[in-house]
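Chain by chain, the residues:
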Amino acid sequence: LLAQEAKTKKISVTEAEVDGELTKFREKFPSETVFQNFLKEQGFTKQDIRDEIRKSYGVSKMIKNDIYAKIAIDEKAARDFYGKNPKEFEEPELLRASHVLVKVDKGADEKTKADARKEAEQVLADAKAGKDFGALAREHSDDPGSKEKGGDLGEFARDMMVPAFEEAAFKLEKSGELSGVVETVYGFHVIKLGEKKASRVIPFEDVKEDLVNFLTMKKKDESLRAYVDDLRKKAKVQIFI
């Protein structure tokens, strides 16, 4: 429907434009041989590709000129959406923390668990004595995702960690504060608080640009759907399958 409409409106596409798009398409292939093999496998000729590019480029031009050019989302529209959807801009309480995990496999015997706890207690004692926490993590932690980063877990909110870990981490208040030894299904942890951010509503100015972009894309999608629906209503469509 879009291609037919572009043809009816005599949307022109120059040879230079086709050449440019063909070059971009060709660059997706590592060599001319691979490109030629693709054409052969698909039963296409170079002219077939050029014709398809001409058609799709014409459609793109029409959409841009007839639909997208008429869409303008300003700050007022963005601010209106912001005001009507406050929950969309709530940011939960966030922690940045590091940890050392002394892993205990499921079904481990009591001696193994006791030895793991003892190692975690020693890590805690060393950390309290001033030993670098990152170095302790690299030496002792069994968490492959954070070990080489000095135990750093990045930022996380509630409900992202197992309950016992979450409870202990969110009780910490001051940067650098250490938890006790925390037992979870993974083993024994020592947690160090990096930073704690209170929940907040993100200011409009911080999201204005992203919000304008989001609303613009949303409006473009809605407008294109309406445009196609209108073409469909005016067209005679026959289905043969």
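Residues numbered from 1 in each chain as written. Predicted model: local features only at pLDDT ≥ 70, side-chain atom pairs only at ≥ 80, totals over all residues. Heavy atoms only, no water.

**Section: the overall build of the protein**
Scanning the protein for helices and strands turns up 9 helices and 6 strands. A compact globule built from 241 residues would reach a C-alpha radius of gyration of about 18 Å, whereas the protein, at 30 Å, exceeds it by more than 25%. Projecting the C-alpha coordinates of the protein onto the three principal axes gives extents of approximately 80 × 55 × 40 Å. Within the protein, the proportion of its 241 residues that are buried is 31%. Nonlocal contacts in the protein, meaning residues at least 24 apart in sequence, comprise 69% of its contacts between residues at least 6 apart. Working note: accessible area of the protein is about 16,100 Å², and carbon and sulfur atoms make up 51% of it. Distance between charge centroids for the protein: 6 Å, based on 46 positive and 48 negative side chains. (Helix = DSSP H or I, 4+ residues; strand = E, 2+ residues; numbered from the N terminus. Rg over C-alpha atoms; globule rule 2.2 N^0.38 Å. Buried < 20%, exposed > 50% of the residue type's maximum accessible area, 1.4 Å probe, protein only. Contact = heavy atoms within 4.5 Å. Areas by Shrake-Rupley, 256 points an atom, 1.4 Å probe, with all protein chains shown as cover. Lys, Arg positive; Asp, Glu negative; His and termini not counted. Charge placed at Lys NZ, Arg CZ, Asp CG, Glu CD.)

**Here we look at the packing of aromatic side chains**
All chains considered together, the criterion is met by 11 aromatic pairs. Consider the rings of Phe 29 and Phe 35, whose centres lie 5.3 Å apart with planes at 50°: the pair is tilted. Taken individually, Phe 29 and Phe 35 each receive the classification buried, so the pair is uniform in this respect. Taking the centre distance of 6.5 Å and the plane angle of 85° together, the rings of Phe 81 and Phe 89 count as edge-to-face. With a relative accessible area of 24%, Phe 81 lands in the partly exposed category. The exposure class of Phe 89 is buried, given its relative accessible area of 8%. Of the aromatic side chains, those joined through ring pairs into one cluster are Phe 81, Tyr 82, Phe 89, Phe 204 and Phe 214. Geometry around Phe 170 places Arg 158 over its ring, the cationic atom sitting 4.2 Å from the centre. Geometry around Tyr 68 places Lys 220 over its ring, the cationic atom sitting 4.7 Å from the centre. (Phe/Tyr/Trp six-rings, centres within 6.5 Å; stacked < 30°, edge-to-face > 60°. Lys NZ or Arg CZ within 6 Å of the ring centre and 35° of its normal.)

**Section: the sheet that holds strand E3 (residues 152-156)**
In space, the 4 strands of this open sheet follow the order E3-E2-E5-E4, with antiparallel pairing throughout. In the strand order of this sheet, the two ends are held by E3 and strand E4 (178-184), each with one partner. Mean inter-strand twist for the sheet, computed between neighbouring axes without regard to direction, equals 35°. Alignment of strand E2 (residues 94-103) against E3, held across 3 bridges, turns out to be antiparallel. Within the sheet, the bridge partner assigned to Leu 95 lies in E3 and is Phe 156. Those strands touched by helix H7 (residues 133-140) are E2, E4 and strand E5 (187-197), and its axis lies near 40° from that of E2. Against the sheet, helix H8 (residues 163-171) engages E2, E3, E4 and E5, with an angle of about 170° to E4. (Pairing = 2+ DSSP bridges. Axes fitted to C-alpha atoms, helices over the stretch in contact; angles between N-to-C directions.)

**Notes on H8**
Spacing of three or four residues puts side chains on the same side of an α-helix, whose turn is 3.6 residues. Of the positions making up H8, those classed as buried are Phe 165, Glu 166, Ala 168, Ala 169 and Phe 170. The elements touched by buried residues of H8 are E2, E3, E4 and E5.

**What to know about the packing of helix H5 (residues 75-84) against helix H9 (residues 204-234)**
The contact between H5 and H9 brings their axes to 9 Å, and the two run at 105°. What the angle tells us is that H5 and H9 run roughly perpendicular. Packed against H5, whose contacting residues are Glu 75, Ala 77, Ala 78, Arg 79, Phe 81 and Tyr 82, the element H9 presents Phe 204, Glu 205, Val 207, Lys 208, Leu 211, Val 212, Phe 214 and Leu 215 at the interface. For the contact of H5 with H9, the per-class residue count stands at 10 nonpolar, no polar and 4 charged. (Parallel < 35°, antiparallel > 145°, perpendicular 65-115°, else oblique. Nonpolar A, V, L, I, M, F, W, Y, C, P; charged D, E, K, R; others polar.)

**Some details on the pattern of salt bridges**
By the definition in use, this model includes 31 salt bridges. One salt bridge connects Arg 200 with Glu 91, and the closest N-O pair in it is separated by 3.0 Å. Linking Arg 200 in strand E6 (residues 200-201) with Glu 91 in strand E1 (residues 90-91), this pair joins segments that are 109 residues apart in sequence. With relative accessibility at 23%, the residue Glu 91 sits in the partly exposed group. Linked by salt bridges that have partners in common, Glu 93, Arg 158, Glu 166, Glu 173 and Lys 196 make up one network. (Salt bridge = Lys/Arg side-chain N within 4 Å of Asp/Glu carboxyl O.)

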